[in-house]
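Commentary on secondary and tertiary structure
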Number of protein chains: 2
Amino acid sequence: MPATYREIKADILGRITRGEWRPGSAIPGEAELAAAYGSARATVNRAMRELAEEGILERRRKAGTRVRLSPLREARFAIPPVREEIEARGAAYGYALIESAVLPAPDWLCARLGLPAGARVRHVACLHLADGAPYQHEDRWISLALLPQAAAADFSASGPTEWLIAQIPFSEVEIAIAAAAADPALAARLGCAPGEALLVIERATRWNGAAVTFVRLAHRPGHRMTTRY
Amino acid sequence: MPATYREIKADILGRITRGEWRPGSAIPGEAELAAAYGSARATVNRAMRELAEEGILERRRKAGTRVRLSPLREARFAIPPVREEIEARGAAYGYALIESAVLPAPDWLCARLGLPAGARVRHVACLHLADGAPYQHEDRWISLALLPQAAAADFSASGPTEWLIAQIPFSEVEIAIAAAAADPALAARLGCAPGEALLVIERATRWNGAAVTFVRLAHRPGHRMTTRY
DNA sequence: GAGTGGTCTAGACCACGCC
DNA sequence: GCGTGGTCTAGACCACTCG
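Since the structure is predicted, the reported quantities are computational estimates derived from the model, not experimental observations.

1. Let's talk about the overall build of chain A
- A count of helical and extended segments in chain A gives seven helices and 11 strands.
- Here chain A has a C-alpha radius of gyration of 24 Å; the compact-globule value for 229 residues is 17 Å, and the former is much larger.
- Scored against the burial criterion, the 229 residues of chain A give a buried share of 48%.
- Within chain A, contacts between residues separated by at least 24 positions form 55% of all contacts whose residues are at least 6 apart in sequence.
- Accessible surface computed for chain A: about 10,700 Å², of which carbon and sulfur atoms make up 53%.
- In chain A, the 29 positive side-chain charges and the 25 negative ones have mean positions that sit 7 Å from each other.

Written as C-alpha cells, this is what we have:
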C-alpha cells in the first residue's frame, strides 16, 4: 500500500463525492487518517492542506477539519500574454500600433493609480490581431516617474506588454473584469458596431506600492474567458 | 534565525524584485539554499514549490529552478454565493422568483450540456436584489434525469443555488465569463436599458460526467469582478 | 487547559531528464 | 550516469482556538 499524498487526496475526494462524508460534517483528524492509511502524518497533512486550498475542506486548529458547506471555490483564469493566447488558438499573431504619445495623465488615471495631478505618462493604443482580424484592443498608460525610459521606447513593431515584462521583474497587480459598450472609436478599431458589448479587462500594476502602469484590454465581441475546476 | 518557509519565500521574492535574480536565470538548488538559510531542505522545498505554483518560478528535475521569463500567472476570482457577495457589500439581500416551469430542454441547452434531445428540465428565472435593487439575474436549468426531486422543489422563497448545494456534494464545473447586450426582457427585469452591456457568467455543472445543471448569471450594468495578486 | 492543525528537522529513496 | 527536484517518514515543538 503506497499511499502517496495524491492517492490520499483522491480517496478523500472520493468519499466526499460518494456522499460518505457530507458537506458540513467533520472528518477524521490527521493522526487518525495517517494511521488508517498507514502513512506519516505529514503526508496526510499535505493531502488535506491542498484540498483546503482548493476550497473543498475547511480546517481550523482544535476544531478539526470539515467538508465545506458552500463550496467557496474560486475560479482560476490563466492570463497569458495575448500573443500566446492567440497562437494557442492556432491563429497567426499580428500587431498594429495605433496611437502613441507622451502627455499629462488624465484625471481618471491619476485617481485610479494614485498619481499626482499632471504626472507625465506614456500612452499607447494598439491592436492585437488573430489571423489579421482584430482580437484585442490595448489601451496602455505607463508612468514616466517610475519608468522614464518608456518615453523613448519603440512600440511600432511589438506591444508594450512584452517591453514591460523585461523592465519590471515582479509586481503587484490588481485586475478587474467588466462588460462595456464599444464607443465609436473603439468600435471602428475592433471592426464591430458601436454599442456592442465587449469584455474588458483592466489591470493596474504597482511596484513597491508605486503605480507603474495601467492597461485596458477590450476584446472583440463574443470573446469568452473559460475555465474548469 | 528562525527561517520559516514563509520567510524564505519572502526572501526569494525579494531577491527577484530587487533584480538580484533576473527572469530567465537559474537560482541555487534546494540543498544549497537550505545550507545558506540554515534550514532543512523540506522547508526550502515548500517555499520554492509554492512560488512555482504561483507562477514565479519554473522548476524541472535535473535542470534546476529558474525565474519565469513571462510571469505565466493566473488570476483567481472568488465565486461566492450571491447572497454572501451582496451581504459582503453591506447591502440587504433580497430574492424574487420570476418564472418556474418543467419543460423539454431547448436545443441550445442539450448541445451545451450533452443532454439527449427532449430531456425534461426544471427551468427557473429569478432575481437577486441588493437593498431592493436588481443585482443579478439568474437563469437556471436543472436536469430532471439526475435530480428528479427538482421538479417539485419550491423556489418561491429562496434560490435554486442554495437548494442545489444541498443536493450535490461535489462536482466538476465549467465556467465562462463574457459580455452580452441586455435583451428587452432581461433589461426590464434588471431595470436597465435594452442593449446595455452586461457581465455574464455561465456555469455548467457535472457530476460523474453527467450534466446536472446550467446557469446563466447576468449582472446589473457596471458590475466588476476584481482580484489582486 | 487541552486537542488539532501548522510547521520544522534529518534522513532517505526515487524518478525524471539533461548530458 | 547522475544531479535535481519530488516525496515520504518519524519525531518533535508550537500556536491557535474551542470548550
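After that view of the structure, there is still more to cover.
2. Things to note about the protein's contact with DNA strand C
- Residues in contact with DNA strand C amount to 23 residues; listed here are only the nearest, Arg41 and Arg59 of chain A together with Thr4, Tyr5 and Thr43 of chain B.
- A share of 66% is what sugar and phosphate atoms reach among the atoms of DNA strand C within 4 Å of the protein.
- Between DNA strand C and alanine 40 of chain B, the relevant distance is 2.8 Å, taken from a phosphate oxygen to a main-chain nitrogen or oxygen of the residue.
- Measuring from a base nitrogen of DNA strand C, one finds a side-chain N or O atom of arginine 61 of chain B at 3.3 Å.
- Elements that contribute at least two residues to the surface near DNA strand C include exactly α3 (41–53), β2 (57–60) and β3 (64–67) of chain A together with α1 (5–17) and α3 (41–53) of chain B.
- When residues of the surface near DNA strand C are assigned to their parent elements, the largest contribution, four residues, is made by α3 of chain B.
- Its residues assigned to classes, the surface near DNA strand C comprises three nonpolar, eight polar and 12 charged.

3. Details of the protein's contact with DNA strand D
- Close to DNA strand D lie 24 residues; Thr4, Tyr5 and Thr43 of chain A together with Arg41 and Arg59 of chain B are nearest.
- Of everything in DNA strand D that lies within 4 Å of the protein, sugar and phosphate atoms constitute 69%.
- Here arginine 6 of chain A contributes a side-chain N or O atom positioned 3.1 Å from a phosphate oxygen of DNA strand D.
- Within the backbone of alanine 40 of chain A, one N or O atom sits 2.7 Å away from a phosphate oxygen of DNA strand D.
- Contributing elements (two or more residues each) for the surface near DNA strand D: α1 (5–17) and α3 of chain A together with α3, β2 (57–60) and β3 (64–67) of chain B.
- Top element by residues in the surface near DNA strand D is α3 of chain A. It accounts for four residues.
- A per-class count over the surface near DNA strand D returns four nonpolar, eight polar and 12 charged.

4. Description of the side chain of threonine 65 of chain B
- You can see threonine 65 of chain B is positioned in strand β3.
- A polar contact is formed between the side chain of threonine 65 of chain B and the side chain of arginine 59 of chain B, at a distance of 3.1 Å.

5. Points about the side chain of arginine 206 of chain A
Residues and elements named next belong to chain A.
- On the secondary structure map, arginine 206 appears in strand β9 (residues 197–207).
- For the buried arginine 206, no salt bridge exists, and the shortest N-O distance to an oppositely charged side chain is 4.5 Å, to glutamate 174.
- Reaching out from arginine 206, the side chain makes a polar contact with the backbone oxygen of leucine 113 at a distance of 3.4 Å.
- Each residue touching arginine 206, except ones within four places of it in the same chain, is listed here: Arg112, Leu113, Ser171, Glu172, Glu174, Ala211 and Val212.

6. Considerations on the interface of chain B and chain A
- Chain B puts 49 residues into the contact, and the matching count from chain A is 49 residues.
- A combined buried area of about 4,400 Å² lies between chain B and chain A, and 56% of that area is made up of carbon and sulfur atoms.
- Seen at the junction of chain B and chain A, the total is two salt bridges.
- Here chain B is connected to chain A by six residue pairs in polar contact (both at pLDDT 80 or more).

7. Describing the relation of the copies chain B and chain A
- For the pair chain B and chain A, the superposition axis carries a translation of 0.0 Å, the fit reaches an RMSD of 0.2 Å, and the rotation angle comes to 180 degrees. Given the turn and translation reported, the copies of this chain are related as if by a two-fold rotation axis. By C-alpha distance to the rotation axis, the residue of chain B lying nearest is arginine 76 of chain B, at 2.1 Å.
- Looking at the interface residues of chain B, 100% of them are also at the interface in chain A, so both copies use one shared face.

8. Looking at the nonpolar core
- Core analysis: the largest hydrophobic core is formed by 26 residues, its most contacted members being Ile175 and Ile177 of chain A together with Ile175 and Ile177 of chain B.
- Mapped by element, the contributors of at least two residues to this core are β4 (74–78), β8 (172–181), β9 and β10 (210–219) of chain A together with β4 (74–78), β8 (172–181), β9 (197–207) and β10 (210–219) of chain B.
- Those residues in contact with isoleucine 175 of chain B, other than ones at most four positions away along the chain, are Ala75, Phe77, Met225, Thr226, Thr227 and Tyr229 of chain A together with Ile79, Ile201, Glu202 and Arg203 of chain B.

9. Brief notes about the packing of aromatic side chains
- On inspection of all chains with the given rule, the structure shows seven aromatic pairs over all chains.
- With 6.0 Å between their ring centres and 65 degrees between their planes, phenylalanine 77 of chain A and phenylalanine 77 of chain B make a pair best called edge-to-face. In this pair, phenylalanine 77 of chain A sits in strand β4 while phenylalanine 77 of chain B sits in strand β4, so the two residues belong to two different chains. Each member of the pair, phenylalanine 77 of chain A as well as phenylalanine 77 of chain B, is classed as buried.
- Put simply, the rings of Trp108, Trp141 and Phe214 of chain A pair up and form one aromatic cluster.
- Cation over ring: arginine 46 of chain A sits above tyrosine 5 of chain A, and NZ or CZ is 4.0 Å from the ring centre.

10. Topic: the sheet that holds β8 of chain B
- The seven strands are arranged β11(A)-β8(B)-β9(B)-β10(B)-β7(B)-β6(B)-β5(B) in an open sheet whose pairing can be described as antiparallel. A single partner strand is all that each edge strand has here, and the edge strands are β11 (224–228) of chain A together with β5 (93–104) of chain B. Across this sheet, the average inter-strand angle for adjacent strands is 15 degrees, counted without regard to direction.
- Strand contacts of helix α6 (residues 160–167) of chain B: β5, β6 (120–130), β7 (133–143) and β10 of chain B, with the helix running at about 40 degrees to β7 of chain B, the strand carrying the most contacts.

11. Concerning the packing of α1 of chain A against α3 of chain A
Residues and elements named next belong to chain A.
- Where α1 contacts α3, the two axes come as close as 8 Å, and the packing angle between them is 50 degrees. Looking at the two axes, α1 sits oblique to α3. The two elements α1 and α3 cross, and the hand of that crossing is right-handed. Every residue of α3 that contacts α1 at Tyr5, Ile8, Lys9, Ile12 and Leu13 is listed here: Thr43, Val44, Arg46, Ala47, Met48, Glu50 and Leu51.
- When the residues that make up the contact of α1 with α3 are grouped by side-chain class, the tally is eight nonpolar, one polar and three charged.

Here is what the cut-offs are and how they apply
Residues numbered from 1 in each chain as written. Chains lettered and ligands numbered in written order. Predicted model: local features only at pLDDT ≥ 70, side-chain atom pairs only at ≥ 80, totals over all residues. Heavy atoms only, no water. Helix = DSSP H or I, 4+ residues; strand = E, 2+ residues; numbered from the N terminus. Rg over C-alpha atoms; globule rule 2.2 N^0.38 Å. Buried < 20%, exposed > 50% of the residue type's maximum accessible area, 1.4 Å probe, protein only. Contact = heavy atoms within 4.5 Å. Areas by Shrake-Rupley, 256 points an atom, 1.4 Å probe, with all protein chains shown as cover. Lys, Arg positive; Asp, Glu negative; His and termini not counted. Charge placed at Lys NZ, Arg CZ, Asp CG, Glu CD. Near = heavy atom within 4 Å. Polar contact = N/O pair within 3.5 Å; in protein donor to acceptor, adjacent residues only side chain to side chain. Nonpolar A, V, L, I, M, F, W, Y, C, P; charged D, E, K, R; others polar. Salt bridge = Lys/Arg side-chain N within 4 Å of Asp/Glu carboxyl O. Buried area = accessible area lost by both parts, 1.4 Å probe. Least-squares fit on C-alpha atoms with pLDDT ≥ 70 in both. Core = buried A, V, L, I, M, F, W, Y, C linked by side-chain atoms within 4.5 Å. Phe/Tyr/Trp six-rings, centres within 6.5 Å; stacked < 30°, edge-to-face > 60°. Lys NZ or Arg CZ within 6 Å of the ring centre and 35° of its normal. Pairing = 2+ DSSP bridges. Axes fitted to C-alpha atoms, helices over the stretch in contact; angles between N-to-C directions. Parallel < 35°, antiparallel > 145°, perpendicular 65-115°, else oblique. Left-handed = near helix turned anticlockwise from the far one by under 90°.

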